[in-house]
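Inside the fold
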There are 2 protein chains.
Amino acid sequence: MDTERPETTTPTGDLLKSWPNTRGESPAYSTAEAQVRELCRDAREGARLLATLPTARLDDMLDEIANQLEKEAPAIFAANALDIAAAEEAGMHKSVVDRLRVTEKSLATMVAGVRQVRKLPQPLGEKLRSWTQPNGIEITKLRVPIGVIAIIFESRPNVTIDAAVLCLKTGNATVLRGGKEAIHSNRALIAALQKCSSVPKGAVQLIDNTDRALVPFLCRQDEFIDVIIPRGGHSLIETVVAESRIPVIKHAHGVCSVFVHEKADLAMAESIVLNAKVQRPGVCNAIETLLIDRAVAAKFVPQITAALTKAGVEIRGDETVRQFAPDVKIHSATEADWTTEYLDLILAVRVVDGLDGAFKHLAAYSSHHSDSIITTDSIAAERFLNEVDSATVYWNASTRFTDGGEFGFGAEIGISTDKLHARGPMGLEELTSYKYVIRGTGQVRT
Amino acid sequence: MDTERPETTTPTGDLLKSWPNTRGESPAYSTAEAQVRELCRDAREGARLLATLPTARLDDMLDEIANQLEKEAPAIFAANALDIAAAEEAGMHKSVVDRLRVTEKSLATMVAGVRQVRKLPQPLGEKLRSWTQPNGIEITKLRVPIGVIAIIFESRPNVTIDAAVLCLKTGNATVLRGGKEAIHSNRALIAALQKCSSVPKGAVQLIDNTDRALVPFLCRQDEFIDVIIPRGGHSLIETVVAESRIPVIKHAHGVCSVFVHEKADLAMAESIVLNAKVQRPGVCNAIETLLIDRAVAAKFVPQITAALTKAGVEIRGDETVRQFAPDVKIHSATEADWTTEYLDLILAVRVVDGLDGAFKHLAAYSSHHSDSIITTDSIAAERFLNEVDSATVYWNASTRFTDGGEFGFGAEIGISTDKLHARGPMGLEELTSYKYVIRGTGQVRT
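Residues numbered from 1 in each chain as written. Chains lettered and ligands numbered in written order. Predicted model: local features only at pLDDT ≥ 70, side-chain atom pairs only at ≥ 80, totals over all residues.

Before going further, it helps to examine the overall build of chain A. Secondary structure summary: chain A contains 14 helices and 16 strands in total. Radius of gyration (C-alpha) of chain A: 25 Å, near the 22 Å computed for a compact globule of 446 residues. C-alpha extents for chain A along the principal axes are approximately 70 × 65 × 45 Å. Out of the 446 residues belonging to chain A, those deemed buried represent 55%. Long-range contacts, defined as pairs at least 24 residues apart, comprise 71% of the intrachain contacts of chain A with a sequence gap of at least 6. (Helix = DSSP H or I, 4+ residues; strand = E, 2+ residues; numbered from the N terminus. Rg over C-alpha atoms; globule rule 2.2 N^0.38 Å. Buried ≥ 20, exposed ≤ 12 C-beta atoms within 10 Å, placed from the backbone. Contact = placed C-beta atoms within 7 Å.)

Before going further, it helps to examine the interface of chain A and chain B. The partner chain B presents 101 residues to the 101 residues of chain A that form the contact. The greatest single-element share of the side of chain A that touches chain B, amounting to 11 residues, is contributed by strand S16 (residues 432-443) of chain A. In the sheet, strand S13 (residues 392-397) of chain A pairs with strand S16 (residues 432-443) of chain B via 5 bridges, with the strands oriented parallel. Residue pairing in the sheet places Thr 392 of chain A in a bridge with Tyr 436 of chain B of S16 of chain B. (Pairing = 2+ DSSP bridges.)

Let's shift gears to the environment of Val 437 of chain B. Examined against the element boundaries, Val 437 of chain B turns out to sit in strand S16. Between the alpha carbons of Val 437 of chain B and Glu 64 of chain B there is a distance of 32 Å; along the sequence they are 373 residues apart.

We now examine helix H9 (residues 234-243) of chain A. Residue and element names in this part refer to chain A. Taken residue by residue, H9 has Leu 236, Ile 237 and Val 240 as its buried positions. On an axial view of H9, the arc spanned by its buried residues comes to 95°, and they lie on one face. Where H9 is buried, its residues touch strand S3 (148-152), helix H8 (214-218) and strand S6 (227-230). (Arc of directions from axis to C-beta.)

Turning next to the sheet that holds strand S10 (residues 331-332) of chain A. Pairing is mixed in the open sheet, where 10 strands are placed in the order S10(A)-S9(A)-S11(A)-S8(A)-S7(A)-S12(A)-S13(A)-S16(B)-S2(B)-S1(B). Of all the strands in the sheet, the pair left with one neighbour each is S10 of chain A together with strand S1 (127-132) of chain B. Pairing of strand S2 (residues 138-145) of chain B with S16 of chain B, which is carried by 8 bridges, proceeds in the antiparallel orientation. Paired with Arg 143 of chain B across the strands is Tyr 434 of chain B, a residue of S16 of chain B. Seen against the sheet, helix H14 (residues 378-387) of chain A touches strand S12 (370-374) and S13 of chain A together with S16 of chain B and runs at an angle of roughly 160° to S13 of chain A. (Axes fitted to C-alpha atoms, helices over the stretch in contact; angles between N-to-C directions.)

Let's shift gears to the environment of Ile 415 of chain A. Position of Ile 415 of chain A among the secondary structure elements: in strand S14 (residues 414-416). In sequence terms Ile 415 of chain A and Val 165 of chain A are 250 residues apart; their C-alpha atoms lie 17 Å from each other.

Of the transformation superimposing chain A on chain B, the axial component is 0.0 Å and the angular component is 180°, with the fit at an RMSD of 0.0 Å. Taken together, these values place the two copies in the relation of a two-fold axis. Relative to the rotation axis, the closest C-alpha in chain A is found at His 421 of chain A, a distance of 1.9 Å. Most of the interface of chain A is mirrored in chain B: 100% of its interface residues are interface residues there too. (Least-squares fit on C-alpha atoms with pLDDT ≥ 70 in both.)

Quick look at the confidence of the model for chain A now. Residues and elements named next belong to chain A. On average, residues of chain A score 92 in pLDDT, and 94% of them are at 70 or above. Confidence over residues 1-24 falls short of pLDDT 50; this stretch has 60 contacts with residues more than four positions distant or in other chains. Across the interfaces of the predicted complex, the ipTM metric reaches 0.91, alongside a pTM of 0.91. (pLDDT = per-residue confidence, 0-100.)

Time to look at the packing of helix H2 (residues 55-71) of chain A against helix H6 (residues 157-169) of chain A. All names here are of chain A. For the pair H2 and H6, the least separation of the axes is 8 Å and the interaxial angle reads 155°. As judged from the angle between their axes, H2 and H6 are roughly antiparallel. Mapping the contact onto sequence places Leu 58, Met 61, Leu 62 and Ile 65 in H2 and Val 165, Leu 168 and Lys 169 in H6. Broken down by class, the residue content of the contact of H2 with H6 amounts to 6 nonpolar, no polar and 1 charged. (Parallel < 35°, antiparallel > 145°, perpendicular 65-115°, else oblique. Nonpolar A, V, L, I, M, F, W, Y, C, P; charged D, E, K, R; others polar.)

If you want to describe how two helices pack, look at the angle between their axes and the distance between the axes. Residue and element names in this part refer to chain B. The N-to-C vectors of helix H3 (residues 73-89) and helix H7 (residues 183-195) enclose an angle of 160°; their axes lie 7 Å apart at closest approach. In terms of orientation, H3 and H7 fall into the roughly antiparallel class. The crossing of H3 and H7 is right-handed. Residues Ala 75, Ile 76, Ala 79, Asn 80, Leu 82 and Asp 83 of H3 touch H7, and the partners they reach there are Ile 183, His 184, Ser 185, Arg 187, Ala 188, Leu 189 and Ala 192. Classifying every residue of the contact of H3 with H7 gives 8 nonpolar, 3 polar and 2 charged. (Left-handed = near helix turned anticlockwise from the far one by under 90°.)

All names here are of chain A. Here 4 strands make up an open sheet; going across it, the order is S5-S4-S3-S6 and the pairing parallel. Two strands in the sheet have a free side with no partner beyond their single neighbour: strand S5 (204-206) and S6. Put simply, the sheet's adjacent strands are angled 20° from each other on average, direction ignored. Examined bridge by bridge, strand S4 (residues 173-177) and S5 share 3 bridges and lie parallel to one another. If you follow Thr 174 over to S5, its bridge partner there is Val 204. Together, S3, S4 and S5 form the strand contacts of H6, whose direction differs from that of S4 by roughly 165°.

For residues that are not glycine, phi is negative in most cases, and the peptide bond is trans in most cases. Phi angles above zero are rare outside glycine, and Leu 343 of chain A is one such case at about 55°. Inspection of the secondary structure puts Leu 343 of chain A in the loop between S10 and strand S11 (346-352).

Residues and elements named next belong to chain B. Judged by how many residues are buried, strand S13 (residues 392-397) sits mostly within the fold: 6 of 6 residues are covered. With 4 bridges connecting them, strand S12 (residues 370-374) and S13 associate as parallel partners. Residue pairing in the sheet places Asp 371 in a bridge with Val 393 of S13. Read as a crossover between parallel neighbours, the route from S12 over helix H14 (residues 378-387) to S13 is right-handed. (Right-handed = clockwise from strand over helix to strand, strands pointing away.)

Splitting chain A by domain gives domain 1 (43-252) and domain 2 (256-406). Centre-to-centre, using C-alpha coordinates, domain 1 of chain A lies 35 Å away from domain 2 of chain A. (Domains from an automatic or database assignment.)

Our focus in this paragraph is the environment of Arg 129 of chain B. Residues and elements named next belong to chain B. Relative to the assigned elements, Arg 129 resides in strand S1. Residue classification places Arg 129 among the exposed positions, given that 11 C-beta atoms sit within 10 Å. Counting along the chain gives 10 residues from Arg 129 to Ile 139, while the straight-line C-alpha distance between them is 8.2 Å.

Along its 12 residues, helix H13 (residues 354-365) of chain A runs 17 Å from first to last C-alpha, staying within 8% of the 16 Å computed at 1.5 Å per residue. Listing the buried residues of H13 of chain A in full gives Leu 355, Ala 358, Phe 359, His 361, Leu 362, Ala 363 and Tyr 365 of chain A. Residues of H13 of chain A that are buried sit in contact with strand S7 (256-260), strand S8 (287-293), S11, S12 and H14 of chain A together with helix H1 (31-51) of chain B. (Expected span 1.5 Å × (residues − 1).)

And the structure:
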């Protein structure tokens, strides 16, 4: 069926230097805004150039980038030293400063990462489907780059290279906006990439003005940017979602959970709960909530609360949990605990009425990231896997596996908490789009 | 790699009746707004119920819907008569009134459409990929419904049923917001669907308050709605894109083109140009622009301008076009003509310098919907198919084939002009998402 269009549209212009201002606005951009637009416009042209390259040439770029990063090591260390000094002067926490630091070892890891991505199979050019219609037109659904990807991320210099390289591998130009704490390091890293003769002009762009007011402005550059990926805290994601005219793939919070079913192997349950909470609490696939089936609460609540306490975890339990483990120090959980991403050694614990109680809790409070059921009952497990609406649902495994590396993707741009285009770990394929290529012999529609 | 999260997120609540207001707002909703929220909330619950149904039950729903629509025919005709009377009283154009009219025949077509969709292969439950990691976890990428889909559309009653039925087939709840001209018809049609005992409560929702101010409000109901699909004119799409917190799949304008290359078969070129412009000018896959290679302009410009004029097409040409066809009435094209979707018997014609001239024009002005090259030169054709960044690119065929029916999809919710999730004609598969289902035996991450 065709879509009849009742309303004649007003003209809208398009890309490139000749962009006519047809929206009827008289744009009065500040100098900083004009610079952002110029940089996004150049990225669009960079994407156009990338799209014309054979995929082998895209991989060649990554070789040159790895070599160039090694060559530029002194400049990168010198720039990083400025960031480290500023961070220390500002009294930042040692763990934050450590994440900011580029060492011989971490640079070598970055470079090795680039060479690893270079070796990954090239998703571009894949024929996703190909068929011939009765009238003889041949239709091919072909995997192609998305175009220009804007990524707003936190202050870890390795993310800068990761993001740019994954996008280049898949033929996409990037507009990168990192945190201000890493600005000197990011400038040096991106300068190294831009020096590579195989990297088209505009293909990697850094917004080196970290004024937060420019983020909403960036989110309105839909003439030049095809998708925006915010990776960071709640307020960043909120700003981007509220302001963006560009499609957003959110890498938002994970309020993940484990549900211990009445028929769980309790030793396995303990092992998985501890792993999912304690092994690395500061990441989005760690659990924040433990749901315990009432049928097994008398036994499991004392067992797990003791084990968690021993592991240094602060427990926030509902009344039933507190009653079942009177000897363990358990804080009273409030409503807010069911939706809080602690990213710390804190766990909210709740007793629920069987599978349906777990479903009710998850429908109301889960962030739809990763949820796991521990049970020996396959019927209960399959209902959980089917009915829980999360990006990744588990049966008898730790939620910590929601990760591109653990999935075998070889690389990951992040973990999407959206349901469109990309859900869960985003690898190379998720950085691509498709087009329909139709070859005919003069067919017309009758 | 894991995503470290430097900023502890503030709690955000989630779905369903118990939704706590954790954004710190004190929402003072108007009665109309509160009704929209309630309806969206019910749709979320409807989606949850749909997700628990076996796919055979989803198809059963469509059988009941088809029967129910037949049963309710008198009520539907009576309601439609109110819309027709109002439209005639308002002095609407006959073609608009005709599109609004539900006749015995058009209702039968609607019902047949429902039965056709019922017969289409069910995309849900497809294992898109399935593999086992070295640690033994089994990962399945499973096709699942998106959830709640909001569709804002123009005033054609058949779209109401099409949209609801395609979404139900794929296990999605819908929030429909049609035009006010069809409000009585839409109420009767949706009432018929809601009467079906197999359709879960909340699965099909109609916003029957057509106050335009509620559209931006709807676009902010991201707790309840997973994607919003606007189908309509420029101002609607602009409003949705600017206001939406919800991912949008735009069905925006098509400024499609044919490029006649120097090595074109000019008889084929004439046939395709006429078809793409004249056969049905009011649809998005009709062409608005004709690009002619300078090398063949002296011959083809007089030929095609005469043929177009004979077919009743108004021509807006650049100076070169006017010079090559001094005897044909050709208006002077302005900058705005290159970006205008006429949806009428008007065509902008430009002479360009070969393939690169065509690329330059398209990069600057194409709406990236459908563009076709006419040539006998396969190298030129392949460059065009590769380098033109449009949803559908053609070689020697009419752009009018960009259509779910013509692609053999059996059904179509519309034609996406976005690059994420769905590009080009959207069939059933494009109404689905996926989840990762992981089955383990106690694996933890080390």
